[in-house]
Amino acid sequence: MKIGIVGCCGRMGRMLTQTVLDTAGASLSGGTEQSGSPYIGQDMGLMVGAGAVGALVSDDAAAVFAAADVVIDFTVPAATATHAAMAAQAGTAMVIGTTGLSAEQQAAVDAAAAKVPVVQAGNMSLGVNLLVGLAKQAAAILGPDYDIEVVEMHHKHKIDAPSGTALMLGKAAAEGRGIDHDASAVMSREGHTGPRPDGTIGYATLRGGDVVGDHTVIFAGPAERIELTHRAGGRDIFARGAVRAALWCEGKAPGLYSMRDVLGLS
């Protein structure tokens, strides 16, 4: 399967490139960087220290979409929305790991999913997606006597908060409890907040250092506390999941899919 990578020269892009090269049944069709990048015209294989593979870095995203069976996007929300329109135009499947999309940007992804298969997830790792299922199950079993808090920490360069993974976990807990997430979420606390309102889902965001991603869902109840935690040891878990999702897209009908669909957990 021919896989394109937008934003292929950044830290995540290089890891995705190497993972495609290491994966049976996958091949690189090309990648993109912004106009003016010194990497334009370079072979993607040489860029990661492998041999030349004939897939070049370009500033023409539309051409990369046209040449690929599926394109992986871990860029920024505005770019992802533009890329989604290109995917629909080219009839190319898409795997999206970008987080922090606005409602308008998400609408562009939804529109593309009406025409091509799109796998979108706030986190591509197997362990995190298992954690999502556990959070939903725990919320349903423990009931409203247990307060729910989602705590996440990432490296100091992350630009959105809470993380997409934290929101995945909070939404899963809300679903398990049968409540509306957006109406129940408390994204921050400051000053004299008063007692914690019943039925809310709280979020705490930490940033610093080079933390890849730590997520904990806390269920704090009468005389006990249950904590479900996942800690990412390296970004390669996200790259492996994304490439697995890309291969999974082959032959799929248009639609918006999650990583849980890819892993058969939904």
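The structure this text deals with has already been given above.
Residues numbered from 1 in each chain as written. Predicted model: local features only at pLDDT ≥ 70, side-chain atom pairs only at ≥ 80, totals over all residues. Heavy atoms only, no water.

Q: Can you lay out the environment of Val 217 for me, pointing to particular residues and giving the numbers?
A: Mapping Val 217 onto the fold places it in strand 10 (residues 214–221). The class for Val 217 is buried, based on a relative accessible area of 0%. Considering only alpha carbons, one finds Val 217 and Ala 204, 13 residues apart in sequence, at a separation of 10 Å. When near neighbours in sequence (up to four residues on either side) are disregarded, Val 217 contacts Ala 135, Ile 148, Glu 149, Leu 169, Ile 226, Glu 227 and Leu 228. (Helix = DSSP H or I, 4+ residues; strand = E, 2+ residues; numbered from the N terminus. Buried < 20%, exposed > 50% of the residue type's maximum accessible area, 1.4 Å probe, protein only. Contact = heavy atoms within 4.5 Å.)

Q: Can you break down helix 7 (residues 164–177) residue by residue, with the values?
A: With 14 residues, helix 7 extends 20 Å between its outermost C-alpha atoms, agreeing within 8% with the 20 Å of an ideal straight helix rising 1.5 Å per residue. Along helix 7, 10 of the 14 residues are buried, which leaves the element largely enclosed by surrounding structure. Gly 178 lies just past helix 7 and shows a positive phi near 75 degrees. (Expected span 1.5 Å × (residues − 1).)

Q: Quick rundown of the pairing of strand 7 (residues 147–154)? Include the residues and the values.
A: In the sheet, strand 7 pairs with strand 10 via 7 bridges, with the strands oriented antiparallel. From the neighbouring strand, Ile 148 faces strand 10, where its bridge partner is Phe 219. Judged from the 7 bridges that link them, strand 7 and strand 9 (residues 201–207) form a sheet pairing that is parallel. Bridge pairing in strand 9 links Val 151 to Ala 204. (Pairing = 2+ DSSP bridges.)

Q: Residues and numbers for the packing of aromatic side chains, please.
A: Throughout the structure, instances matching the rule amount to 1 aromatic pair. Taken together, a centroid distance of 5.0 Å and an interplanar angle of 80 degrees make the contact between Trp 248 and Tyr 257 edge-to-face. Sitting over the face of the ring of Trp 248, Lys 252 holds its NZ or CZ atom 4.5 Å from the ring centroid. (Phe/Tyr/Trp six-rings, centres within 6.5 Å; stacked < 30°, edge-to-face > 60°. Lys NZ or Arg CZ within 6 Å of the ring centre and 35° of its normal.)

Q: Give me the sheet that holds strand 10: which residues, what numbers.
A: Strand order in this open sheet of 5 strands is 8-9-7-10-11, and the pairing throughout is mixed. Each of the sheet's edge strands pairs with one partner strand only, and the pair in question is strand 8 (185–186) and strand 11 (224–231). The sheet contacts of helix 6 (residues 126–142) involve strand 7, strand 10 and strand 11, and relative to strand 11 the element is tilted by about 165 degrees. Its contacts with the sheet put helix 7 on strand 7, strand 9 and strand 10, and the angle it makes with strand 9 is roughly 165 degrees. (Axes fitted to C-alpha atoms, helices over the stretch in contact; angles between N-to-C directions.)

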